[in-house]
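One letter stands for each residue in the lines below.
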Amino acid sequence: MKFLRQFAARIVGQSIRIFARAITAVRADWQGIEPVPKQRVYFANHTSNGDMPMIWACLPPAMRRTVRPVAAADYWLKNKIRAFVGPEVFNCVLVDRRPEVKDKPMDKIIAALDEGSSLIIFPEGNRNMTEDPLLPFKAGLYNMGVARPDVDLVPTWVANLNTIMPKGEVIPLPLICTVTFGAPIHVQDGESKDDFLRRASDALVALAPNVPS
Amino acid sequence: MSTTVNDILLLAFASFGILVTMTFVGEVLRAKLAPGEVNPVLDTYMTRVQSWWGMVAFIGLALLMGKIGVMVLFAFASFAALREFLTLTTKAQADHMSLALAFFVVLPLQYVFVGFGLDRLYTVFIPVYAFLLLPIVSALRGNAERYLIRVAETQWGLMIAVFCVSHVPALMTIDIAGYAGREVLMIAFLVIVVQLGDLLEYFFGRRIGKTRIAPGLSPKTWEGVICGVVCAMLIGALINWTTPFGVFGAMAMAGLASTVGMFGSLVFAAIKRDRGVKDWSHLIPGQGGFVDQLDSVIFAAPIFYHVTKYFYG
C-alpha cells in the first residue's frame, strides 16, 4: 500500500511538472548560483498558489528530490487530495501557524534542515495582493540564517504568475514563467534582524525582470 | 509514391545535404581548436545548426503527413508565438478573460477555419470579430487604466501570432488550375526562400555589410539585405518546380517574400528593443524563441498568400 502511494505520488509529481512546462514553459534562470545539489533555503515572492509548484517543477531532478517546501498545514490538510499532494508529492514541511499550538514551526523547519533537506519558503507569509513588489518579510528567514549559518539563503523570483493565475480567476493563461535564482546571502555577524530582512528583501526584488505587467 | 511526396522528399534530402555540410564544417573547425580553447561564435553556430536539424525534420514530417500535419504544426507554432508575444505586452487582471479567449477560442477557431478552407471566415475572423469583441470583454470589467494600450497590444499579438502565422497553412487552400494536390509544396517554397535568404543576408552582411539600415535597432545592412534578396530569388528560380509560378514568377515571389520578411524582422527588432529584451523566449536553443526564428516568415506569409491568390488563384 505504501509502495502504491509512493508510485502514485511520483506519477502526480511528473504530471504537475509536465503540465507546468506545457502551459508556462517554466524555465530556471540561474543568475547567482549553479544548479548543484547543495543544501539551500530558496526564499521566494508569493503572489499565487502556483508559485511553489513552479519552483519545484523547474529544479533539476536530483535537487527536486531533496527539496522540501515549507507550507501551511491548514491549507494542505483541508481535504484528502491536498493531504496527499502536499506531504507526499511535494514532501512539504507542514507548519501550523496558530499561536496556541505547542508544535513550533521553527522547530520543524530546523529539524528538516538537520536532516539535510533544502527548503522552499515564502518569507512574506501570505500571498501578496498589493501593488508593491513584496510584503514585509516575517522573522523566520532570519531565524533560520542564525540557527544554521552554513546554509545558503537563495533569493528566488517567480515572474508572471500573478498574471498567469490571479486570485479569483479559473482559467490559467499560458504565459511564459521564469524562475530566477540569485546569489546566496547569509546573516552577517552582528547584523540586526531588521537589517538582514531588508537586505534579503532587496536581493529578491533586484531579480524581478523589468517587464510591464 | 505520388510526385508530391517525391518532391517533398527531394527538398528534405537537399536540406539535409545542406545541414550535413554545415555540421561537417562546424565539426572540422571545432577539431582544429587547441585543447581547452573555447570559441563562442562557433558554439552559437553549432547550436543553431542543431536547431535547424530539428526544424527541417519537423516541417518535413508535417508536410509528408499532409494537411493535418501542417495544421497541427502551425497551430502549435501560433500557440508558442502568442505565448511569447503576450508575455511581453501590457495587461491587467481585467483582461484575463479576453486573453483566455484569445488563447483557447480565437486561436483554435482560426485553425479550424483554415483547415476547412473557409477563406471568407479566416481572413476576417481576427481583424474584424476578435478586433471588435475582445475589447468589449475587457471593457466589461470596468478598468480603464491604460485600456487602449492593453487592447491594442493584445490585438497586435493576435494578428502577428495567429492571423499571420495561419496564412502559411492557408496557402494549401488556394485553388490554382493545374496545381491540385501539390499545394503543400508552396509552404516549403515560402519557408525555404525566406529562411535561406535570411541566412545569406546574415552571411553577406557580416562579410561586406557597411551601411546600416536602422542603426541602433539591428545590425542589418543594405548590402546584406540586397545580397540576401538576390540569393532568395535565385533559390526561388532553382526550386520553381515546387510552385505554379514558373521560373520568373517564382523569382518575383521569392524576392517579394524575402524583402517583406527582412523588413519584418526589423519591426520585431524594434518591439524587442522597446520591451528591453534580447530574445522573445528561450524555447529554441541558440535561436531564442519561436518568434525570433519565424519573424520573417510571419511577416511574409499574409502578403505571399494574398499575391498568390490575386494573380494565380
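Conventions adopted
Residues numbered from 1 in each chain as written. Chains lettered and ligands numbered in written order. Predicted model: local features only at pLDDT ≥ 70, side-chain atom pairs only at ≥ 80, totals over all residues. UniProt positions renumbered as here; feature names shortened; annotations may be inferred. Helix = DSSP H or I, 4+ residues; strand = E, 2+ residues; numbered from the N terminus. Buried ≥ 20, exposed ≤ 12 C-beta atoms within 10 Å, placed from the backbone. Pairing = 2+ DSSP bridges. Domains from an automatic or database assignment. Contact = placed C-beta atoms within 7 Å. Core = buried A, V, L, I, M, F, W, Y, C linked by C-beta atoms within 7 Å. Nonpolar A, V, L, I, M, F, W, Y, C, P; charged D, E, K, R; others polar. Axes fitted to C-alpha atoms, helices over the stretch in contact; angles between N-to-C directions. Parallel < 35°, antiparallel > 145°, perpendicular 65-115°, else oblique. Left-handed = near helix turned anticlockwise from the far one by under 90°.

A. Region of the structure containing the UniProt feature "transmembrane region" (unreviewed entry) in chain B. All names here are of chain B. The UniProt record marks residues 54-77, 98-118, 124-144, 156-178, 184-204, 224-241 and 247-271 with the feature "transmembrane region" (unreviewed entry), using the residue numbering of this structure. A distance of 24 Å separates the end C-alpha atoms of residues 98-118, which is 86% helix and 0% strand. End C-alpha atoms of residues 124-144 are separated by 27 Å, and the span's content is 71% helix alongside 0% strand.

B. Highlighting the pairing of strand β3 (residues 67-72) of chain A. Residue and element names in this part refer to chain A. Most of β3 sits inside the fold, with five of its six residues counted as buried. The pairing of β3 with strand β4 (residues 93-95) spans three bridges and is classified as parallel. Along β4, the bridge assignment pairs Ala71 with Leu94.

C. Quick peek at the UniProt feature "domain: Phospholipid/glycerol acyltransferase" (unreviewed entry) in chain A. Here the UniProt feature "domain: Phospholipid/glycerol acyltransferase" (unreviewed entry) sits at residues 40-161 of chain A. Between the C-alpha atoms that bound residues 40-161 of chain A the distance is 23 Å, and the span itself is 39% helix and 20% strand.

D. Broad picture of the domain arrangement of chain B. Residues and elements named next belong to chain B. Domain assignment breaks chain B into domain 1 (1-65), domain 2 (68-173) and domain 3 (180-313). Facing the eleven residues of domain 1 at the interface are twelve residues of domain 3. Every element with two or more residues in the side of domain 1 that touches domain 3 is listed here: α1 (3-32) and α2 (40-65). Here the side of domain 1 that touches domain 3 takes seven residues from α2, the largest share from any one element.

E. Structural context of the nonpolar core. Counting residues in hydrophobic clusters, the biggest one holds 136 residues, and the most contacted among them are Ile55 of chain A together with Leu190 of chain B. It is helix α8 (residues 184-208) of chain B that contributes the most residues to this core, 13 residues altogether. Those residues within four positions of Ile55 of chain A in sequence are excluded, and the remaining contacts are Tyr42, Ala44, Ile120, Thr156, Val158 and Val179 of chain A.

F. Representation of the interface of chain B and chain A in the model. Counting residues at the interface gives 17 residues for chain B, matched by 14 residues for chain A. For the side of chain B that touches chain A, the elements supplying multiple residues, two or more each, are α3 (67-87) and α4 (96-115) of chain B. The class makeup of the residues in the side of chain B that touches chain A is six nonpolar, seven polar and four charged.

G. Looking closely at the sheet that holds β4 of chain A. Residues and elements named next belong to chain A. Strands sit in the order β1-β7-β6-β2-β5-β3-β4 across an open sheet of seven strands; the sheet is mixed. Edge positions in the open sheet fall to β1 (27-30) and β4, since each of these has one partner strand only. The average undirected angle you get between the axes of adjacent strands in this sheet is 25 degrees. Sitting on the sheet, helix α6 (residues 105-114) is in contact with β3, β4 and β5 (118-121), with an inclination near 170 degrees to β4.

H. Here's a closer look at the packing of α3 of chain B against α4 of chain B. Residue and element names in this part refer to chain B. Running from N to C, α3 and α4 cross one another at 155 degrees; their axes reach a closest spacing of 11 Å. Between α3 and α4, the crossing angle belongs to the class labelled roughly antiparallel. Of the two possible hands of crossing, α3 and α4 adopt the one that is right-handed. Across from Met71, Ala75, Ser78, Phe79, Leu82 and Leu86 in α3, the residues of α4 making contact are Leu99, Ala102, Phe103, Leu107, Tyr111, Val114 and Gly115. Looking at side-chain class alone, the contact of α3 with α4 contains eleven nonpolar, two polar and no charged residues.

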